[in-house]
Amino acid sequence: MSLLAIALTGGIGSGKTAVGQAFARHGVPVVDTDVLAREVVEPGQPALREIVEAFGGECLDAAGALDRVYLRRVVFADAGRRQCLEAILHPRILQALRRRLAAIETPYCLVVVPLLVETGLDQQFERILVVDVPEELQIERVMARDRVDAEQARRILDQQAGRVQRLAVADDVIENTGTLAELEDRVAVLHQQYLALAIGRRCAFQRD
Ligand code: ATP
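Participant: Just to check I follow, could you spell out the nonpolar core for this structure?
Facilitator: Burial of nonpolar side chains together is a common tendency in soluble globular proteins. By size, the foremost hydrophobic cluster in this structure holds 32 residues, and its most contacted members are Ile51, Leu97, Leu101, Val111 and Phe125. Secondary-structure elements contributing two or more residues to this core are strand 1 (4–9), helix 3 (46–55), helix 4 (68–76), helix 5 (79–102), strand 3 (108–112) and strand 4 (127–132). No other element matches the eight residues that helix 5 contributes to this core. Each of domain 1 (1–29 + 107–208) and domain 2 (42–103) accounts for three or more of the residues forming this core. Excluding residues within four positions of it along the chain, Val111 makes contact with Ala5, Ile6, Ala7, Leu8, Val31, Thr33, Leu97, Leu101 and Phe125. In terms of nonpolar packing, the next biggest core, distinct from the first, is built from 18 residues, Leu4, Ala22, Phe23 and Leu110 among them.

Next up, the structure:
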């Protein structure tokens, strides 16, 4: 497959959605793995059946849909159970992702993976774009967007990988400390680079 799939990651409130929207304005397809993760556990999907077998009927709500809040609480404090859930979900998400990517006809696309480092999915991508902001700004933006206090925002941040871990896997970094207009400019430059990279790659594939 010659499509170049670039993973886009960053901590909560770092600007992944804003970056994705900016690439989309250049016609770049943006696949969100959070959306795929929700689709694979919809009623009738095999993953939901497996989750019920592993975690019991308590993880379904009255309508037979996955009770995410309950499940999150169950796996939060238990690494073994979290791994069990991931072993069910990750192969299905990857399968759904591959299917989605196979239908894309542009030279490259973005795949938003918020917990790229935490899940080890960084191994699946040949190029990784990290959107990075200092924690204070992250907290400020999350507070403004989600109407939460600093303590709640900090608690979510503490559950995620830190900036150093994310930056360690980055091929490209967007420092999202400026205005949204500056973000657009940075994305426009990256878009040209990714197009050149993807087209160069295609030529190499054709020669092989
Ligand atoms: P999450 O991890 O929660 O999905 P995210 O990484 O997708 O968050 P965004 O929703 O894109 O982050 O950005 C967080 C908030 O910060 C939003 O309200 C967004 O409009 C705002 N924001 C993002 N970038 C900038 C910027 N450069 N200047 C001002 N505000 C920004």
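Participant: Mind showing me how you'd approach the site of the ligand here?
Facilitator: Contacts to the ligand come from 14 residues, most closely from Lys16, Thr17, Arg145, Asn176 and Gly178. The side chain of Lys16 places a nitrogen or oxygen atom 2.7 Å from an oxygen atom of the ligand. Protein contacts shield 73% of the accessible area of the ligand, which totals 640 Å² for the unbound molecule. Elements represented by at least two residues in the shell around the ligand include exactly helix 1 (16–24) and helix 7 (135–146). For the shell around the ligand, the element with the highest residue contribution is helix 1, accounting for three residues. When the residues that make up the shell around the ligand are grouped by side-chain class, the tally is three nonpolar, eight polar and three charged.

Participant: In this structure, what is going on with the sheet that holds strand 3? I would like to understand it.
Facilitator: Ordered by their spatial adjacency, five strands build an open sheet running 2-3-1-4-5, and the pairing between neighbours is parallel. Whereas interior strands pair on both sides, the edge strands pair on one side only; in this sheet they are strand 2 (30–32) and strand 5 (172–175). Taking the axes of each pair of neighbouring strands and ignoring which way they run, one obtains an average angle of 25° across the sheet.

Participant: For this particular structure, what's the right way to read the packing of helix 4 against helix 5?
Facilitator: In a pair of packed helices, the angle between the axes and the distance between the axes together describe the arrangement. Relative to each other, helix 4 and helix 5 sit at 130°, their axes nearing to 7 Å. Regarding the angle of helix 4 to helix 5, the classification is oblique. When helix 4 is examined against helix 5, the residues Leu71, Val74, Val75 and Phe76 are found in contact with a partner set consisting of Arg81, Arg82 and Leu85. Considering only residue class, the contact of helix 4 with helix 5 consists of five nonpolar, no polar and two charged.

Participant: So what exactly am I meant to see when it comes to the pattern of salt bridges here?
Facilitator: Between side chains of opposite charge, pairing is possible as soon as their charged atoms come close. By the definition in use, this model includes 10 salt bridges. Where salt bridges share partners, they join Glu135, Arg154 and Asp158 into one cluster.

Participant: How do you make sense of the domain arrangement of the chain when you look at a structure like this?
Facilitator: Quoted interface sizes are often the accessible area lost when the parts come together. Domain assignment breaks the chain into domain 1 (1–29 + 107–208) and domain 2 (42–103). Computed from C-alpha atoms alone, the centre-to-centre distance between domain 1 and domain 2 is 25 Å. Each side of the interface is counted separately: domain 1 has nine residues, and domain 2 has six residues. The junction of domain 1 with domain 2 conceals about 620 Å² of combined surface from both sides, 79% of it contributed by carbon and sulfur atoms. Of all residues in domain 1, the largest losses of buried area upon contact with domain 2 belong to Thr119, Leu121 and Gln124, amounting jointly to 43% of the total for that side. Between the two partners, domain 1 and domain 2, sit zero salt bridges. Counting across the domain 1 and domain 2 interface gives zero residue pairs in polar contact (both at pLDDT 80 or more). Tallied by class, the residues present in the side of domain 1 that touches domain 2 amount to six nonpolar, three polar and no charged.

Conventions used here
Residues numbered from 1 in each chain as written. Predicted model: local features only at pLDDT ≥ 70, side-chain atom pairs only at ≥ 80, totals over all residues. Heavy atoms only, no water. Core = buried A, V, L, I, M, F, W, Y, C linked by side-chain atoms within 4.5 Å. Buried < 20%, exposed > 50% of the residue type's maximum accessible area, 1.4 Å probe, protein only. Helix = DSSP H or I, 4+ residues; strand = E, 2+ residues; numbered from the N terminus. Domains from an automatic or database assignment. Contact = heavy atoms within 4.5 Å. Near = heavy atom within 4 Å. Polar contact = N/O pair within 3.5 Å; in protein donor to acceptor, adjacent residues only side chain to side chain. Areas by Shrake-Rupley, 256 points an atom, 1.4 Å probe, with all protein chains shown as cover. Nonpolar A, V, L, I, M, F, W, Y, C, P; charged D, E, K, R; others polar. Pairing = 2+ DSSP bridges. Axes fitted to C-alpha atoms, helices over the stretch in contact; angles between N-to-C directions. Parallel < 35°, antiparallel > 145°, perpendicular 65-115°, else oblique. Salt bridge = Lys/Arg side-chain N within 4 Å of Asp/Glu carboxyl O. Buried area = accessible area lost by both parts, 1.4 Å probe.

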